Every structure is written in structure tokens, then in C-alpha cells.
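# Survey of secondary and tertiary structure
In case you want the letters, here they are:
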Amino acid sequence: MAIHRLDELRSVHEGDGALRLGALATHAEIAAHPLVRERLTALADSAAIVGSHATRAQGTIGGNLMNASPAMETGGPLLCFDASVVLRSVSGSRSVGVADLLAGPGQTTAAPDELLEAVEVPVPGESTGSCYVRLEYRRQMEIAVVGATAVLTLDGDRVVDARVAITALAPTIRRVPEAERALLDGGAGPAAVQQAAQRAADAAEPISDLRASARYRQAMAAVITRRAIETAMARARGEDVSA
């Protein structure tokens, strides 16, 4: 069923402490949105590198989510921002967390008669920084070999909230509670960052395929996660740091 002409699915709306992305909002629109670039930086990082320029101009957030690839770029940031989706059918609509939507490679928990209508993303406070980083072989038309998301809230030298997720390292994109605890317990210093990165690697369940071996993905998981955490911390401190 073609839904590309349904204008009501294209809107991007700010309000009530959240950003509502219509299912047909494109990656290019999301990456360029001022609020996304300022407060949801990890989502901007991810949307800006999906496919090619042509892909980002046509590809949508709804299509990206419902494809349910373990290597999708936007999944980690949406998971760490506690985003939810609105699913609609003839009997009504319901809200489902992104964490509960993704069921496996190419699988979601949406019913066959449900259409993804919108993605709702809570907007974090001013003291929160976020970042999405991926390991790639090319700058265009690429998907993550390994990806990591970090969303961190700082209070001075303390990490008061931490969300860390890994991409392309398990059957679904997933958060890593062990890595988050390392940051909450150990602070914002190098030792805590390294411990969190290693715990993310330990939580990985990679596969070997044409793009990378499981052993390589496991080794790179700590490297990529550490970079995501360090960049998120710098952004939480107000530094203008690129991923």
C-alpha cells in the first residue's frame, strides 16, 4: 500500500517536551531540524549518515524503524532517548516504546493491520549531551559495521544519567545497562569511560558476514563506544564537538 502522499504523516511538531516526527519525515529533514541538532544531537548524527544524499532525501524515519535492521542508524539514538511510536489500525491507536517495537532482524511487534503513524521523542534537558558513532568503510551508501550511542547527563564531574546502546552487534539494537552503571558509579573520568566501553563490548553478540568477522566487531565495539561516550560528555559540557 502506497502511503507517500499522506501529508498528515509528514509533519514534524514540537510540543509538551517532546518532538513528534511523522512517519514520513525524511532523514534529511530530521538531520537539519534545529531542535534535533541542538538537543537530540545523536539523532542528528545518525540521520545525517543514512545511505547517500538521495537516500536521506527520500528515506523516512518510519521506514527505517519498521525495516528493523540491527544495523539501522537511527535505532540507537531513539532507544536511548526513550522514544516511542504510535501505531494505528482501524480499531484505534496505541503507543509502543522503540525498545518494545524491535523484535529481531526484520521483525517488529506491530500487528499486520497496524501502520506506524509517528515517532515521539522526549527532549532532554540542557545538561545532556549525546552522540552516535559508527564504524564504516565508506562515507556514502554504507551501514554500520559497528555502532554505538551515548546519551549522558552531567552534574559537574558526576554522570547523573547514562544511556548506552550498541548497533550491529546483536539481533536487535539494545541498551547496555552494565555500561551505564559503570558511568553512574565511576564518574566522568577516563577509567570509568574505558570500563563502560569494555562492558559494551562484553555485551555484544556479533556475527561474521561479508562485511566483518565477529571477532573484529567485538574488538571494535569498545573503541566505537568509547568515542561515543567521550563525545557525548564533551557535548554535555557545552563543547562543539563533531562525532
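The structure presented is a predicted model; accordingly, all values stated were derived computationally and were not measured.

## Focus: the pairing of strand β3 (residues 84-89)
Regular strands have side chains that alternate between both faces of the sheet. Burial of β3 is extensive: five of the six residues sit out of reach of the surface. Once β3 ends, the chain turns through two residues before running back antiparallel as strand β4 (residues 92-97). Note that β3 and strand β7 (residues 115-122) share five bridges and pair antiparallel. Across the sheet, Val86 pairs through a bridge with Ala118, a residue of β7.

## Describing the pairing of strand β9 (residues 146-155)
Counted residue by residue, β9 has nine buried out of ten residues, so it is predominantly covered. Across eight bridges, strand β8 (residues 128-135) lies against β9 in antiparallel orientation. Bridge pairing in β9 links Gly129 to Leu152. Looking at chain direction, β9 and strand β10 (residues 158-167) are connected through nine bridges and run antiparallel. For Leu154, the partnering residue across the bridge sits in β10 and is Val159. Between β9 and the antiparallel strand that follows it, β10, lie two residues; Gly156 among them carries a positive phi value of about 65°.

## Here's the deal with the confidence of the model for the protein chain
In the predicted model, the protein chain carries a mean pLDDT of 93, and the fraction of residues at 70 or more is 97%. The least confident element of the protein chain, judged by mean pLDDT, is helix α4 (residues 53-58) at 88; the most confident is helix α6 (residues 75-80) at 98.

## Some points on the environment of Gly15
Of note, Gly15 is situated in strand β1 (residues 12-15). The spatial distance from the C-alpha of Gly15 to the C-alpha of Arg88 is 21 Å, given a sequence separation of 73 residues.

## A short note on unusual backbone geometry
Positive phi is not limited to glycine here, since Asp16 has a value of about 55°. When you line up the elements, Asp16 lands in the loop between β1 and β2 (18-22). Taking relative accessible area as the criterion, Asp16 reaches 85% and is therefore assigned exposed.

## Brief notes about helix α9 (residues 190-203)
For α9, built from 14 residues, the straight-helix expectation of 20 Å at 1.5 Å per residue is met to within 8% by its first-to-last C-alpha distance of 20 Å. Among all positions of α9, only Ala192, Val193, Ala196, Ala197, Ala200 and Ala201 are buried. As for α9, its buried residues are in contact with β10, α8 (177-186) and α10 (214-236).

## Structural notes on the sheet that holds β1
The five strands lie next to each other as β1-β2-β7-β3-β4, forming an open sheet whose pairing is antiparallel. Two strands bound the open sheet, and with one partner strand each, they are β1 and β4. Averaged over all neighbouring strand pairs, the angle between strand axes comes to 20°, with direction disregarded. In the sheet, β3 pairs with β4 via six bridges, with the strands oriented antiparallel.

What counts, and at which threshold
Residues numbered from 1 in each chain as written. Predicted model: local features only at pLDDT ≥ 70, side-chain atom pairs only at ≥ 80, totals over all residues. Heavy atoms only, no water. Buried < 20%, exposed > 50% of the residue type's maximum accessible area, 1.4 Å probe, protein only. Helix = DSSP H or I, 4+ residues; strand = E, 2+ residues; numbered from the N terminus. Pairing = 2+ DSSP bridges. pLDDT = per-residue confidence, 0-100. Expected span 1.5 Å × (residues − 1). Contact = heavy atoms within 4.5 Å. Axes fitted to C-alpha atoms, helices over the stretch in contact; angles between N-to-C directions.

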